[in-house]
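An overview of the molecular structure
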Amino acid sequence: MAIKLYSTADFLSTNALRVIACLAEKELDYEVVNLNTSNKEHKSPEFLSRNPFGQVPAFEDGDLKLFESRAITQYLAHAYPDNGTNLIIHDPKKMAIVGVWTEVESQKFDQFGSKLAWELVYKPMFGLTTDDALVEENEKKLEQVLDVYESRLSESKYLGGDCFTLADLHHLPVLKFLFGTKAKRLFDARPHVSAWAAEIQSRPAWVKAITT
């Protein structure tokens, strides 16, 4: 049975894009099931059986049903190790380092990056007014995170070590949106962060995923 990804046709969800990034790196075929959120299709009993929180994405691989984007990418990386890019490391100590930075993305980077994306990208898109005070507050918090990234990336090419892993991939959707805003300057001001962000965003799998 084919892999299915339940999302919206516009792919504005950073969580759905995170899964798409992983599917692209793993070179896996999949079917997108488009949901009409304006009709509350994501709140229907049928969809809630796939994601009880009524949010995209939802995911199926045969009889396996998953939600939460990072859980889905972890599954894909472990279930299809021989497909495409290897996004995990089999050495347990090295993988533990990857795990640390995967958590940092989820608990630190995304917390502030997603708030900035909401204020700077989504609000204007939906005709809402950007809260400049919230932008300033979250820029300062994201800068503190990026200072840690700058130190880390001065020691290794990628966050998890010497190779591209889930720890890097998980950043791609938020980077995609923030790099079209004034928040890009926060990354440009840090040379190692800037080089890392440019490199992972230029990966052929990601470029193909967001342009096709």
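Residues numbered from 1 in each chain as written. Predicted model: local features only at pLDDT ≥ 70, side-chain atom pairs only at ≥ 80, totals over all residues. Heavy atoms only, no water.

**Observations concerning the packing of aromatic side chains**
The criterion, for reference: Under the pairing criterion, centres of Phe, Tyr and Trp rings, with the six-membered ring standing for Trp, must be within 6.5 Å; the plane angle then separates stacked pairs below 30 degrees from edge-to-face pairs above 60, leaving the rest tilted. Accessible area is worked out with a 1.4 Å probe on protein chains only. A residue is then buried under 20% of its type maximum, exposed over 50%, and partly exposed in between. Any Lys NZ or Arg CZ found within 6 Å of a ring centre and within 35 degrees of that ring's normal is scored as a charge over the ring.
For the structure shown, the criterion picks out 14 aromatic pairs. Ring plane angle 85 degrees and centroid distance 6.4 Å describe the contact between Tyr75 and Tyr80, whose orientation is recorded as edge-to-face. Using a relative accessible area of 24% as the deciding quantity, one classes Tyr75 as partly exposed. Summarising the aromatic geometry, the rings of Trp118 and Phe126 are spaced 6.2 Å apart at their centres and angled 50 degrees between planes, so their arrangement reads as tilted. Of the aromatic side chains, those joined through ring pairs into one cluster are Trp101, Phe109, Tyr149, Phe179, Phe187 and Trp196. Lying across the ring of Phe177, Lys176 places its NZ or CZ 4.5 Å from the centre. Over the face of the ring belonging to Phe164 we find Arg203, whose NZ or CZ atom lies 3.8 Å from the ring centre.

**Here's the deal with helix H1 (residues 14-25)**
Applicable threshold: Numbering of helices and strands runs from the N terminus, with a helix taken as a DSSP run of H or I at least four residues long and a strand as a DSSP run of E at least two residues long. To estimate the expected span of a helix, count its residues, drop one, and scale the result by 1.5 Å. A 3.5 Å cut-off defines polar contacts: any pair of N or O atoms within that distance qualifies, except that in protein one atom must be a possible hydrogen donor and the other a possible acceptor, and neighbouring residues in sequence count only when both atoms are side-chain atoms.
End to end, H1 covers 16 Å across twelve residues, agreeing with the expected 16 Å (1.5 Å per residue, within 8%). Here H1 lies mainly inside the structure; ten of its twelve residues are buried. Residues of H1 that are buried include every one of Thr14, Ala16, Leu17, Arg18, Val19, Ile20, Ala21, Cys22, Leu23 and Glu25, and no others. You can read the cap of H1 off the contacts: a side-chain oxygen lies 3.2 Å from the backbone nitrogen of Asn15, and it is on Ser13. Following H1 by one or two positions, Glu27 adopts a phi angle in the positive range, close to 55 degrees.

**Description of a nonpolar patch on the surface**
Basically, it comes down to this: Patch construction takes residues with relative accessible area above 30% that form no salt bridge. Like charges are linked within 9 Å, and nonpolar side chains (Val, Leu, Ile, Met, Phe, Trp, Tyr) are linked within 5 Å. For the area figures, the Shrake-Rupley method with a 1.4 Å probe applies, and any residue is considered shielded solely by the protein chains shown. Salt bridges are counted wherever a side-chain nitrogen of Lys or Arg sits within 4 Å of a carboxyl oxygen of Asp or Glu.
The grouping of Trp118, Met125, Phe126 and Leu128 at the surface amounts to a nonpolar patch, some 400 Å² of accessible area in total. Within the secondary structure, Phe126 sits in the loop between helix H4 (92-125) and helix H5 (132-153).

**A word on the packing of H4 against H5**
So the rule is basically this: All axes are obtained by fitting lines to C-alpha atoms, using only the stretch in contact for helices, and the reported angles, taken between N-to-C directions, cover 0 to 180 degrees. To sort the angles, those under 35 degrees are grouped as roughly parallel, those over 145 as roughly antiparallel, those from 65 to 115 as roughly perpendicular, and the leftovers as oblique. Handedness of a crossing is defined here by the sense of rotation of the near helix relative to the far one, left-handed for an anticlockwise turn of less than a right angle and right-handed for a clockwise turn. Note on contacts: a residue pair is in contact if any heavy atoms of the two residues lie within 4.5 Å. Three categories are distinguished: nonpolar for Ala, Val, Leu, Ile, Met, Phe, Trp, Tyr, Cys and Pro, charged for Asp, Glu, Lys and Arg, and polar for the others, with Gly belonging to the last.
Two numbers describe how H4 lies on H5: the axes approach to 9 Å, and their chain directions differ by 155 degrees. In terms of orientation, H4 and H5 fall into the roughly antiparallel class. Like other packed secondary-structure pairs, H4 and H5 cross with a definite hand, here left-handed. Counted together, Ile97, Trp101, Val104, Glu105, Lys108, Phe109, Phe112, Gly113, Lys115, Leu116, Glu119 and Leu120 of H4 and Leu134, Val135, Asn138, Glu139, Lys141, Leu142, Val145, Leu146, Val148, Tyr149 and Arg152 of H5 form the full contact between these two elements. Here the residues of the contact of H4 with H5 are counted per class, giving 14 nonpolar, two polar and seven charged.

**Considering the environment of Gly113**
If you trace the backbone, Gly113 turns up in helix H4. Gly113 sits in the buried class, given a relative accessible area of 0%. In this structure, the C-alpha to C-alpha distance between Gly113 and Leu175, residues 62 residues apart in sequence, is 8.1 Å. Ignoring any residue separated from it by four or fewer positions in sequence, one finds Gly113 in contact with Leu142, Val174 and Leu178.

**Some details on the pairing of strand S3 (residues 58-61)**
For clarity, the threshold we go by: Strand pairing requires that DSSP identify at least two bridges connecting the strands.
Burial along S3 is two-sided: Ala58 and Glu60 facing one way and Phe59 and Asp61 facing the other are all buried. Note: strand S1 (residues 3-7) against S3, four bridges, orientation antiparallel. For Tyr6, the partnering residue across the bridge sits in S3 and is Ala58. The hairpin formed by S3 and strand S4 (residues 64-67) contains two residues between the paired strands, and Gly62 there has a positive phi angle of roughly 65 degrees.

**Regarding the pattern of salt bridges**
Evaluation of the coordinates by the stated rule reveals 14 salt bridges. The salt bridge partner of Arg18 is Glu105, with a shortest N-O separation of 3.7 Å. Of this pair, Arg18 sits in helix H1 while Glu105 is found in helix H4, placing the two residues 87 residues apart along the sequence. With respect to burial, Arg18 and Glu105 carry one shared label: buried. Notably, a salt bridge pairs Arg203 with Glu25, separated by 2.7 Å at the nearest N-O pair. One end of the pair, Arg203, is in the loop between helix H9 (191-201) and helix H10 (204-211); the other, Glu25, is in helix H1, with 178 residues separating them in the sequence.

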